[in-house]
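Observations on the model geometry
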Amino acid sequence: MKYITNKDEISLEYDTAVTLGKFDGIHIGHQLLIREILEGTKQGLKPVVFTFSFIEKIRKDHVEGNLLTEEEKRNFLEDLGVQVMITYPFDDEMRHMQPEAFVEQILCKKLRAKKVVVGSDFAFGYQRKGDVILLEKLSGVYGYELVVLDKVAMEEQVVSSTIIRQELLEGHMEKVNSLLGRCYSIEGTVVHGNQIGRKLLSMPTANIYPSFEKLLPPNGVYVTTIETTFGKYEGITNIGYKPTIGGETRPGVETYLFDFDGDLYGQVIKVDFYTYERGEYKYDSLEELKEQMFRDKDFGKKYFEMNR
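Residues numbered from 1 in each chain as written. Predicted model: local features only at pLDDT ≥ 70, side-chain atom pairs only at ≥ 80, totals over all residues. Heavy atoms only, no water.

To continue, consider the sheet that holds strand S2 (residues 16–20). An order of S1-S4-S3-S2-S5-S6 is seen for the six strands of this open sheet, with the pairing classed as parallel. Two strands lie at the open edges of the sheet, namely strand S1 (2–4) and strand S6 (145–149), each paired on one side alone. The sheet shows a mean angle of 20 degrees between the axes of neighbouring strands, taken without regard to direction. Bridge analysis of S2 against strand S3 (residues 46–53) gives five bridges, and the strand direction is parallel. The residue of S3 that forms the bridge with Leu 20 is Phe 50. Seen against the sheet, helix H5 (residues 132–142) touches strand S5 (113–119) and S6 and runs at an angle of roughly 160 degrees to S6. (Pairing = 2+ DSSP bridges. Helix = DSSP H or I, 4+ residues; strand = E, 2+ residues; numbered from the N terminus. Axes fitted to C-alpha atoms, helices over the stretch in contact; angles between N-to-C directions. Contact = heavy atoms within 4.5 Å.)

Given below as structure tokens:
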């Protein structure tokens, strides 16, 4: 997949089917838009996702953050079959661009859009003056096909990234996953930890530290699966600061993989979250922690046995 972040490099040499939006999370509503541009390949159009990069304040407690990091978003779109992803800087020039100019200069001239796919509430241009009515009007001028899709609802609730964030912060992983259309996940490179799991608890773990831009669920223990170069494994994962052991200054993601004893250091893994078991707790001793971790392991194994 071609990935473009420099606006001066945006000048495509082929006709395209384009969808536009923020695409945080790429939830089930976003996936409908993407499937529609993928249909454009039947007409010889290359599918393009156009999104913006915003300069946002990301707090280290992750209260503000994204459901997908930029790298995770890029990887997921490529897996879906998107051929071009553009992350356009939302700078002063773009902020003050009139919607008609955006359609002419960006959408039609630089992207060569022959098919444009948006949600019914899509707004763009200076002061968000552009909408689907304007896009429909200009389609006759510039010769592109406009496809407008209604918002997706689940249980009489419109699916949105805002709703998913709220559910995630409550630890409602089953609801989050149903709205995303897949498991919420965290990707990262396995780093060396304090070796407590292997040496003292007889439960070696893989430690990753998510990007500060990543929105995390509550600290605690979750049932997970882990994708590695060796294959996919079931396991349990703790998010937090390891209060019994101490010494952590930022939340980490520590995972025990069932039936695995290989070397994952330096490898990028993806942890998929299924259900929240319990909160993070400071135990009085490592022995108490060990006993709890084995209970967590049993909980995880029973979860997968019941959900196969």
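Structure's up, so let's keep going.
Leu 20, Phe 50, Ile 86, Leu 107, Leu 111 and Leu 135 are the most contacted members of the largest nonpolar core, which has 30 residues in total. Put simply, the parts of the chain that give this core at least two residues each are S2, S3, strand S4 (84–89), helix H4 (99–110), S5 and H5. Among the elements that line this core, the one with the most residues is H4, at six residues. Leaving out residues up to four positions away in the same chain, Leu 135 has contacts with Val 103, Leu 107, Val 118, Phe 122, Phe 124, Tyr 144 and Leu 146. Judged by nonpolar contacts, the second largest core, of 29 residues, contains Leu 67, Ile 164, Ile 208 and Val 271. (Core = buried A, V, L, I, M, F, W, Y, C linked by side-chain atoms within 4.5 Å. Buried < 20%, exposed > 50% of the residue type's maximum accessible area, 1.4 Å probe, protein only.)

This brings us to the side chain of Thr 16. Mapped onto the secondary structure, Thr 16 falls in strand S2. Setting aside residues up to four positions removed in sequence, Thr 16 forms contacts with Leu 45, Lys 46, Val 48, Leu 111, Arg 112, Ala 113, Lys 114 and Lys 115.

Moving on, we come to the environment of Ser 139. Here Ser 139 is to be found in helix H5. When its relative accessible area of 12% is taken as the criterion, Ser 139 is described as buried. Residues Ser 139 and Asp 296, spaced 157 residues apart in sequence, show a C-alpha to C-alpha distance of 57 Å.

Spatially, six strands are ordered S9-S14-S11-S12-S13-S10 in an open sheet, and the strand pairing comes out antiparallel. Either end of the sheet is taken by a strand with one partner, and the two such strands are strand S9 (184–189) and strand S10 (206–208). Geometrically, the sheet is characterised by an average inter-axis angle of 35 degrees between neighbouring strands, direction not taken into account. Judged from the three bridges that link them, S10 and strand S13 (residues 252–257) form a sheet pairing that is antiparallel. Paired with Asn 207 across the two strands is Glu 254, which belongs to S13.

In terms of backbone geometry, most residues other than glycine have negative phi values and most peptide bonds are trans. One non-glycine residue, Ile 26, lies in the positive phi region at around 45 degrees. Among the structural elements, Ile 26 can be located in the loop between S2 and helix H1 (28–38). For Ile 26, a relative accessible area of 0% translates into the label buried.

Here we come to the packing of aromatic side chains. For the structure on display, the rule yields 17 aromatic pairs. A centroid spacing of 5.3 Å and a plane angle of 85 degrees characterise the contact between Phe 50 and Phe 52, whose relative ring orientation is edge-to-face. Residue classification places Phe 50 among the buried positions, given a relative accessible area of 0%. With 5.1 Å between their ring centres and 55 degrees between their planes, Tyr 222 and Tyr 276 make a pair best called tilted. Of this pair, Tyr 222 sits in strand S11 (residues 220–228) while Tyr 276 is found in strand S14 (residues 268–279), placing the two residues 54 residues apart along the sequence. With relative accessibility at 0%, the residue Tyr 222 sits in the buried group. One aromatic cluster in this structure is built from Phe 50, Phe 52, Tyr 88, Phe 90, Phe 102, Phe 122 and Phe 124. Positioned over the ring face of Tyr 3 is Arg 74, at 4.5 Å from the centre of the ring. Note that Arg 182 overlies the ring of Phe 76, its terminal NZ or CZ placed 4.3 Å from the centroid. (Phe/Tyr/Trp six-rings, centres within 6.5 Å; stacked < 30°, edge-to-face > 60°. Lys NZ or Arg CZ within 6 Å of the ring centre and 35° of its normal.)

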